[in-house]
Amino acid sequence: MTVAGVVLAAGEGRRYGRPKALVELDGERLVDRAVRLARDGGCTPVVVVAGAVPLVVGDATVVDNPRWPSGMGSSLRAGLAALPDTASAVVVLLVDTPWLDPRAVRRLLAAHGAGAELAVATYRGEPGHPVLLGRDHWPGAAAAAVGDSGARAYLASRPDAVTRVDCTDVGWPADVDVPDDIARRT
C-alpha cells in the first residue's frame, strides 16, 4: 500500500485576483511547488484537483472538478474519488500553502506507518496542513466536506482519533490570500 497525495488547486483566487495555482514563487508555480512537496515527502501517486482554470502538471494526475464554484469540499471529494485502490491513506495539501516542507509530509507518513489513521501537522500547537486521512475515513471525510469546508470538520469531530504531529520546526503554515502575502514573506 502507498500513501497518495491530493493537491486542492481548483479555486479562482478571488481575493488574490487570479487562480493561486498559477501564481509563481521563486520561479515556480504554486501548483508545481505543492506537487513537489507531496512527491519529496513520499506521496505516490499525486492527484491535483483543478477547476477554475485548466492545469497541466508534470508528475501528477490532474482531475477536473466542474463543481469547484461550490467550494473546497467538492474538490476534496473529487480528489478522494480519483485515488487508486492501492493507497492506504492520502495526504491532503492546499495549493496556497507554499512554505510547507517535505519533512512535514514525511512526519505524517511516519505517523501513518506507526498506526495513525488520521493525522494533522501542527505548528506551535495549532493544527494546520497537511493532513492525512486513512482510507477507512475517506467516505466520512467526503460526506463532511461541504461548501468551503474540506476535512477540517471531519477531523474536529474525532479529536481523540487524530494524531497531532508537531511540524513547528519544518516550515511555515501560512496561506496566500493576497499578493502582499508573498511579498511580505520573500
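Scroll up for the structure.
Not measured: the values here are computed from a predicted model.

Novice: I'm lost on unusual backbone geometry in this one. Help?
Specialist: Glycine aside, the phi torsion of most residues is negative, and most peptide linkages are trans. The step from Thr 44 to Pro 45 runs through a cis peptide bond, and the omega angle for that step is -5 degrees. Tracing the chain through its elements places Pro 45 in the loop between α1 (30-41) and β4 (46-50). Omega for the peptide link from His 129 to Pro 130 comes to 0 degrees, which places this bond in the cis form. Of note, Pro 130 is situated in strand β8 (residues 126-134). The backbone phi angle of Asp 59 is positive, close to 70 degrees, even though this residue is not glycine. Among the residues examined, Asp 59 registers a relative accessible area of 55% and is labelled exposed. In this model, Arg 124 sits at a positive phi of 50 degrees, which is unusual for a non-glycine residue. Following the sequence through the fold, Arg 124 ends up in the loop between β7 (118-123) and β8.

Novice: What's the story with α1 in this structure? I'm lost.
Specialist: Working note: α-helix, 3.6 residues per turn, so residues spaced by three or four point in the same direction. With 12 residues, α1 should reach 16 Å at 1.5 Å per residue; the first-to-last C-alpha distance of 16 Å fits that figure. Among all positions in α1, only Leu 30, Val 31, Arg 33, Ala 34, Val 35, Leu 37, Ala 38 and Gly 41 are buried. A positive backbone phi angle near 110 degrees is found at Gly 42, which sits one or two residues after α1.

Novice: Teacher, can you tell me more about the pairing of strand β6 (residues 87-94) here?
Specialist: Within a regular strand, side chains alternate between the sheet's two faces. With 8 of 8 residues buried, β6 is to be regarded as a mostly interior element. As defined by bridge partners, strand β1 (residues 2-8) adjoins β6 across 7 bridges and the pair is classed as parallel. Bridge pairing in β6 links Leu 8 to Leu 94. In the sheet, β6 pairs with β8 via 4 bridges, with the strands oriented antiparallel. Residue pairing in the sheet places Val 90 in a bridge with Leu 133 of β8.

Novice: Sorry if this is basic, but what is going on with the side chain of His 129 here?
Specialist: Looking at the element boundaries, His 129 is found in strand β8. Given a relative accessible area of 19%, His 129 falls into the buried group. Contacts of His 129, omitting those with residues within four sequence positions, involve Val 92, Leu 94, Leu 100, Ala 121, Tyr 123 and Arg 152.

Novice: Would you mind going over the packing of aromatic side chains with me for this structure?
Specialist: Geometry of an aromatic ring pair is reported as the spacing of the ring centres plus the angle between the planes. This structure, assessed with the given rule, holds 1 aromatic pair. On the basis of an interplanar angle of 55 degrees and a centroid distance of 5.2 Å, the ring pair of Trp 99 and Trp 172 is categorised as tilted. Placement of the pair is Trp 99 in the loop between β6 and α3 (102-113) and Trp 172 in the loop between β9 (162-166) and α6 (179-185), with a sequence separation of 73 residues. We classify Trp 99 as buried; its relative accessible area is 13%.

Novice: Would you mind showing me how to read α3 here?
Specialist: Given a rise of 1.5 Å per residue, 12 residues ought to cover 16 Å, and the 16 Å separating the end C-alpha atoms of α3 matches this to within 8%. Residues Pro 102, Ala 104, Val 105, Leu 108, Leu 109, Ala 111 and His 112 constitute the buried set of α3. On its buried side, α3 packs onto β1, α1, β6, β7, β8 and β9. You can read the cap of α3 off the contacts: a side-chain oxygen lies 2.8 Å from the backbone nitrogen of Arg 103, and it is on Asp 101. Count one or two residues on from α3 and you reach Gly 115, which has phi positive near 115 degrees.

Novice: How should the layout of surface pockets be read in this particular structure?
Specialist: Rolling a probe over the atoms, with the probe sized like a water molecule, indicates the empty space that remains. Within this model, the largest pocket holds a volume of roughly 1,300 Å³. Of the residues assigned to the lining of the largest pocket, the class counts are 23 nonpolar, 10 polar and 11 charged.

Definitions and cut-offs
Sequence order sets the numbering: in each chain, residues are counted from 1 along the sequence as written. Two thresholds apply to this predicted model, a pLDDT of at least 70 for residue-level local features and 80 or more for giving and counting side-chain atom pairs, whereas whole-chain, interface and lining totals are computed over all residues. Each side-chain value is derived from all of the structure's non-hydrogen atoms; neither hydrogens nor water enter the calculation. Starting at the N terminus, helices and strands are each numbered in turn, a helix being any DSSP run of H or I of at least four residues and a strand any DSSP run of E of at least two. Only protein chains enter the calculation, and the probe is 1.4 Å; a residue is then buried if its accessible area is under 20% of its type maximum, exposed if over 50%, and partly exposed in between. One less than the residue count of a helix, multiplied by 1.5 Å, gives the span that helix is expected to have. A strand pair is defined by DSSP finding two or more bridges across the two strands. Here a residue-residue contact requires only that any non-hydrogen atoms of the pair lie within 4.5 Å. For this analysis, a ring pair means two rings from Phe, Tyr or Trp (six-membered ring only for Trp) whose centres lie within 6.5 Å, classed as stacked if their planes differ by under 30 degrees, edge-to-face if by over 60, and tilted for the remaining angles. For the purposes of these results, a polar contact is taken to be a pair of N or O atoms within 3.5 Å, where, inside protein, one atom must be able to donate a hydrogen and its partner to accept one; residues adjacent in sequence count only when each atom of the pair is a side-chain atom. Cavity and pocket criteria rest on a 1 Å grid covering protein atoms alone: a 1.4 Å probe that fits but cannot get out defines a cavity, protein on both sides within 12 Å along at least 5 of 7 lines defines an open pocket, and an atom within 4 Å of a point defines a lining residue. Grid points are joined across faces, edges and corners, and a volume is the space filled by probe spheres set on the points. Here the nonpolar group is Ala, Val, Leu, Ile, Met, Phe, Trp, Tyr, Cys and Pro; Asp, Glu, Lys and Arg are the charged ones; every other residue, Gly included, is treated as polar.

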